[in-house]
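Okay, here's what each chain looks like letter by letter:
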Amino acid sequence: MMNNLNFTHTVGEWTHFIIPLKDGTQLAARAWLPINAASDPVPSILEYIPYRKRDGTAIRDEQMHPYWAGFGYACIRVDMRGCGESTGLMLDEYLQQELDDAVEVIAWLAEQAWCSGKVGMMGKSWGGFNSLQVAAMAPAALKAIVTVCSTDDRYADDIHYRGGALLLENFSWASTMTCYMSKAPDPLLLPDTWRTQWLQRLESMPFLAKQWLEHSYKDDYWRHGSINEDYSAIKAAVYCVGGWGDAYSETIPRMMQGLSCAKKALIGPWAHKYPNYASPKPEMDFLGEAKRWWDYWLKGIDNGIMTEPTIAAYIQDGVPPQAAYDERPGLWVEGDQWPIQTHSINLQPSKSGQLVETVGGGQQSVNSPLTTGAAGGEFCVIWCGPDFPTEQRQDDANSLCFDTQPMAQAVSILGGAVFRARVTSDQACGQMILRLCDVAPDGSSTRITYGMLNLAMRQGLDNPQPVVAGQSMEITIKLDDIGYEIPQGHKLRLAVSTAYFPLLWPAAQKANLSLDLSTAHLSIPCHDRSGRLSRDLGHGYVCPVKAMTHIRPEKHTRSTQINAANGLHTTIIDDDFGEFTFDDHGLTVGEICHEEHAVLPHDPHSATSLCQWHSRQSRSGWEIDVYSSLKVTCDATHYYLDARLEALENGQQVHLKTWQESISRGFS
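Small disclaimer: the values here were computed from a predicted structure and weren't measured. (Residues numbered from 1 in each chain as written. Predicted model: local features only at pLDDT ≥ 70, side-chain atom pairs only at ≥ 80, totals over all residues. Heavy atoms only, no water.)

1. With respect to the side chain of S249
Tracing the sequence through the fold places S249 in the loop between β9 (237-243) and α8 (251-258). The buried category is assigned to S249, whose relative accessible area is 4%. Residues within four places of S249 in sequence aside, it is in contact with G243, W244, D480 and D481. (Helix = DSSP H or I, 4+ residues; strand = E, 2+ residues; numbered from the N terminus. Buried < 20%, exposed > 50% of the residue type's maximum accessible area, 1.4 Å probe, protein only. Contact = heavy atoms within 4.5 Å.)

See the structure below:
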């Protein structure tokens, strides 16, 4: 079916098999491998995630793994314990149990008659995380990994906290995982045990939102699994792939500076997607690029991949702000270190509201409405609905802004801007959010990049310090790395705010921040657009997938409502993932998520977050519905969590669990 790609092997598929662990746990797996692998062993490539091989990632798996199998690899897609048809329980992200299981799986793969003894590991997001974490455990057979849209620091750059400030994504993701973990195994695969396993999972369901909320700074909980605690532990070769439109764009530059193993990086314009079916475009031949990596490290083929420049990065052209982009025009550049070039522009905010090259003086204050951030979009653009930052003018109006003069010539930013200053809060708390914006001659404002800081974390994310009202503090905020060209005639804007909702939960009190302009300094790394990528990255390709019958189309919407009576801002997000049937085994699946995040302009204790999920699985004579909800409120000292999980089998309730928890705000 893919002969035009010159495949070297005929591929067979194992739709379901079991990998046994020493403690008796059985991990469910799916595999694509050459049909002659038993007589001519091949390297194995492992993807190890919780997202259900039978239905959750079945389509994505089919689009990707048969490609590498066609070139002589055994591609193994494994569900973690407690997920899909795997036995056991999953109780949290990235537990040591998860990593130990992966090490055992790698050893099992290496021992199989159809495996050459060399193993690679790959994945996006969760699979990218644990590829790094397992590599840090240095299993003997693991020779190389490809990590996509991942992080080396679970506290600094995951979906729980950013800059030490609490992300509302903490609750959205907890709700998402409750939905995935609550689904039933497929009775067609486990006719005798599916129901017992399912009910056990429901009864043992962890309250993830509570667990994550109890750790408000980078303590040992977050250090576990953060490979930047000891980069030298990784011996396998690491290929890092990601995009500027992804929440994890900050990680690749840091890993390129920290890793001592063989390494390579590719950073495009993409959101949280594999770049062979990327959004926004341009796509690239990710499957072919990964094959080159596997060929070099798992087969010993000297194809020149390690003599090429280490890093390829995309500089996006400046474009008007949009909630979704089909394409981001720009150009690729390459180099051997990060930042690729070392020159920068240095600017100071002035009393007159300008960004200038000379140091000034004076004070400027900001106390933003808590609704600032309504144009910030989704923290992590996963589903690729209308989730990118939109027109920034209203958020700019609620911020303290400093502008350059119109650019005499285009300026390309490539890297992470750094802002340093002394600030004072009139409360014993505070958040500071910085945005760099591209302001067009017509006044439209596009967010280029941003950064934030919970002022209690000013001495380090692992070293929280109380904020003393009225006491001056030295702060450093690194904005997310970015590749972006500001067009000639446009202005660069630095916007400073004290709130960014619904991306960040508001600080405990609405603080007024005073900025000492004499100490304020902004450094922006630039690129002269030389050293352009010399090789062709190709075009995106996905393997054909098995037939499906579509019942309800996928649809994603996002809107903000404003109550005229009291100014309450409510962001409403509806993600309908559609409903469809896998024709080959008859399983029908569908999911719907509804979120509402609301806040009053001047009352931080009015913030609320509501996340609701409904998942459905069915086959003739068998129907499973799971409903979950999580509502979060707060006051000055605590968060209040109210959650519910209900499961129905053939319309009859078989499980109901509720949680009501009060969690200290800690340093958040």
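2. Some thoughts on unusual backbone geometry
Here the amide bond leading from W338 into P339 is cis, since omega sits at -5°, within 30 degrees of zero. By secondary structure assignment, the location of P339 is in the loop between β12 (330-335) and β13 (344-349). That bond from F501 to P502 is cis: its omega, 15°, falls within 30 degrees of zero. On the secondary structure map, P502 appears in the loop between β23 (491-497) and β24 (513-527).

3. Remarks on the sheet that holds strand β16 (residues 400-403)
Taken in spatial order, the 4 strands line up as β16-β23-β19-β20 in an open sheet, and their pairing is antiparallel. Two strands close off the open sheet at either side, each with one partner strand: β16 and β20 (445-454). With direction set aside, neighbouring strand axes in the sheet form an average angle of 20°. Direction of pairing for β16 relative to β23: antiparallel, over a ladder of 4 bridges. Residue pairing in the sheet places C401 in a bridge with A495 of β23. (Pairing = 2+ DSSP bridges. Axes fitted to C-alpha atoms, helices over the stretch in contact; angles between N-to-C directions.)

4. A closer look at the pattern of salt bridges
In this structure the tally under the stated criterion is 46 salt bridges. Here D396 ties to R435 by a salt bridge, and the two come within 2.7 Å at their closest N and O atoms. Of this pair, D396 sits in helix α10 (residues 393-397) while R435 is found in strand β19 (residues 431-439), placing the two residues 39 residues apart along the sequence. Considered together, D396 and R435 belong to a single accessibility category, that of buried residues. (Salt bridge = Lys/Arg side-chain N within 4 Å of Asp/Glu carboxyl O.)

5. Brief notes about helix α1 (residues 58-69)
A turn of α-helix holds 3.6 residues, and therefore any two residues three or four places apart point the same way. Between its first and last C-alpha, α1 extends 16 Å over 12 residues, near the 16 Å set by a 1.5 Å rise per residue. With 11 of its 12 residues buried, α1 lies for the most part within the structure. Taken residue by residue, α1 has A58, R60, D61, E62, Q63, M64, H65, P66, Y67, W68 and A69 as its buried positions. (Expected span 1.5 Å × (residues − 1).)

6. Some points on the environment of F286
Looking at where F286 falls in the secondary structure, it is placed in helix α9 (residues 286-299). Separated by 48 residues in sequence, F286 and V238 place their C-alpha atoms 15 Å apart. With near-sequence residues (within four places) excluded, F286 lies in contact with M64, W68, V146, V148, V241, Y274, P275 and N276.

7. Comments concerning the packing of helix α2 (residues 96-111) against helix α3 (residues 126-135)
One way to put it is that α2 packs onto α3 with a least axis distance of 10 Å and a crossing angle of 75°. Here α3 runs roughly perpendicular to α2, going by the angle between their axes. When α2 is examined against α3, the residues E98, L99, A102, V103 and I106 are found in contact with a partner set consisting of W126, N130, Q133 and V134. Residues belonging to the contact of α2 with α3 are distributed by class as follows: 6 nonpolar, 2 polar and 1 charged. (Parallel < 35°, antiparallel > 145°, perpendicular 65-115°, else oblique. Nonpolar A, V, L, I, M, F, W, Y, C, P; charged D, E, K, R; others polar.)

8. Quick notes on the pairing of strand β15 (residues 363-366)
Judged by which residues are buried, β15 turns out to be one-sided: Q364 and V366 face inward and are buried, whereas Q363 and S365, on the alternate face, are not. As paired elements, β15 and β24 share 4 bridges and run antiparallel to each other. Bridge pairing in β24 links V366 to L513.

9. A look at the packing of aromatic side chains
Applying the stated criterion to the full structure yields 38 aromatic pairs. Where W14 meets F17, the ring centres are 5.3 Å apart and the plane angle is 90°; that geometry is what we call edge-to-face. Classification of F17 as buried rests on a relative accessible area of 13%. Centre to centre, the rings of Y155 and W222 are 6.1 Å apart; their planes meet at 55°, and the pair counts as tilted. Placement of the pair is Y155 in the loop between β6 (142-148) and β7 (161-162) and W222 in helix α7 (residues 220-223), with a sequence separation of 67 residues. (Phe/Tyr/Trp six-rings, centres within 6.5 Å; stacked < 30°, edge-to-face > 60°.)

10. Re α8
Every buried residue belonging to α8 is among T251, I252, P253, M255 and M256, and all of these are buried. Packed against the buried residues of α8 are α3, β9, β10 (263-268) and β11 (311-317).

11. Some points on the nonpolar core
Ranked by internal contacts, the top residues of the largest apolar core, which has 195 residues, are W68, I76, F286, W294, F419, M432 and L515. Here this core gets 7 residues from one element, more than from any other, and that element is β24. Apart from residues lying up to four places away in sequence, W68 is in contact with I45, Y73, C75, M122, F286, L287, A290, K291 and W294. (Core = buried A, V, L, I, M, F, W, Y, C linked by side-chain atoms within 4.5 Å.)

12. Considerations on the packing of α1 against α9
Direction vectors running N to C along α1 and α9 enclose 40°, while the axes themselves pass 10 Å from each other. As summarised for this structure, α1 and α9 are arranged oblique, according to the angle between their axes. For the element pair α1 and α9, the recorded crossing hand is right-handed. The segment α1 lies against α9, with Q63, M64, Y67 and W68 engaging F286, L287, G288, A290, K291 and W294. (Left-handed = near helix turned anticlockwise from the far one by under 90°.)

13. Let's talk about the side chain of R493
As for its placement among the helices and strands, R493 is situated in strand β23. Overall, R493 belongs to the buried group, its relative accessible area being 14%. Side chain to side chain, R493 and D403 meet in a polar contact 2.8 Å long. What R493 contacts, discounting residues up to four positions off in sequence, is D396, C401, F402, D403, R435, L436, C437, V439 and S445. (Polar contact = N/O pair within 3.5 Å; in protein donor to acceptor, adjacent residues only side chain to side chain.)

14. Observations concerning the environment of Q405
Secondary-structure assignment places Q405 in the loop between β16 and β17 (411-415). Separated by 88 residues in the primary sequence, Q405 and R493 place their C-alpha atoms 9.6 Å from one another. Residues in contact with Q405, not counting those within four places in the same chain, are Q354, H490 and K491.

These values are about where atoms sit, not about what they do.
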